[in-house]
Amino acid sequence: MKKVSMFLPTLNSIESVAVSASKDDVAPVITQIALTREGDSLRAIATDRYMVATGRYSEVKFTDWEDGETFLVDPKGLKTAVQMGRAVQKSVQPYTSVDIFQDDQEVAWVKVEDSTIQASVATIKGTFPPVMKLFKRETEPNGSSMMNLRADFLARLTKLVPPVAKPERQRTWEFRFFTDAHSPKKPEPVHAVYGDGETYELEALIQPSLNRK
């Protein structure tokens, strides 16, 4: 049985990645959150083609889950599990264990420690688009001095929740701007980063508005 264990704040953060999940059922795969094992870390990804939100979490433990394996979970099911977690006393939430697992029938579940309730999380089969390849981690920003960004995309960043009980108010988002090497006037997606770089990292790619001069 494929399983990943974590603390409740990490589940809250993973569920928040859904701010970038598509609402269009024409492409069901991108209505899901993709969970992938990356070494000893868990990667959660969501996209609606215009924005990508992702979180990398190292304070997790895997069981029978091979490196590189992915399965998709419905954000609505994760939201139900998060609501279950809110019933846990706040003082112990940071230490409350949560399991996300897939049974032999490939049904996904979330179980909160000491709870008699397990939340079934709908899942579908499919290949999630390789959007992580769009992040230019090894490239120096070369952005232009002007770029149009939709305010609602920026507002989504405020809904991404770090996997900690008390987020640091002084921590800020870092924005990296790029332009197309072949068309210097054409801006590429903005890369936004937030995190401590060790236990977790939240990232987003925001597509600029290209229909304005």
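Reading guide: rules and limits
- Residues numbered from 1 in each chain as written.
- Predicted model: local features only at pLDDT ≥ 70, side-chain atom pairs only at ≥ 80, totals over all residues.
- Heavy atoms only, no water.
- Core = buried A, V, L, I, M, F, W, Y, C linked by side-chain atoms within 4.5 Å.
- Buried < 20%, exposed > 50% of the residue type's maximum accessible area, 1.4 Å probe, protein only.
- Contact = heavy atoms within 4.5 Å.
- 1 Å grid on protein atoms, 1.4 Å probe; cavity = no way out; pocket = protein on both sides within 12 Å on 5 of 7 lines; lining within 4 Å.
- Points joined across faces, edges and corners; volume = space filled by probe spheres on them.
- Helix = DSSP H or I, 4+ residues; strand = E, 2+ residues; numbered from the N terminus.
- Nonpolar A, V, L, I, M, F, W, Y, C, P; charged D, E, K, R; others polar.

So, on to the nonpolar core. It is characteristic of soluble globular proteins that their nonpolar side chains tend to be buried jointly. Counting 44 residues, the largest nonpolar core has Met 6, Leu 11, Leu 35, Leu 42, Leu 78 and Ile 100 as the members making the most contacts within it. Non-local contacts of Met 6, meaning those with residues more than four positions away in its chain, are made with Leu 11, Ile 14, Leu 42, Glu 59, Val 60, Thr 96, Ser 97, Val 98 and Ile 100. Core analysis: the second largest hydrophobic core is formed by 12 residues, Ala 27, Val 52, Phe 128 and Phe 135 among them.

Time to look at the layout of surface pockets. In this structure, the largest pocket encloses a volume near 740 Å³. In terms of lining residues, the largest pocket is bounded by 29 residues, among which Asn 12, Glu 15, Ser 16, Lys 79 and Val 82 are the most central. Elements that contribute at least two residues to the lining of the largest pocket include exactly helix H1 (8–16) and helix H2 (75–85). Broken down by class, the residue content of the lining of the largest pocket amounts to 12 nonpolar, 7 polar and 10 charged. If you add up the space inside the second largest pocket, you get close to 300 Å³. If you trace the second largest pocket, you find 17 residues lining it, with Thr 70, Phe 71, Leu 72, Gly 126 and Phe 128 closest to the centre.

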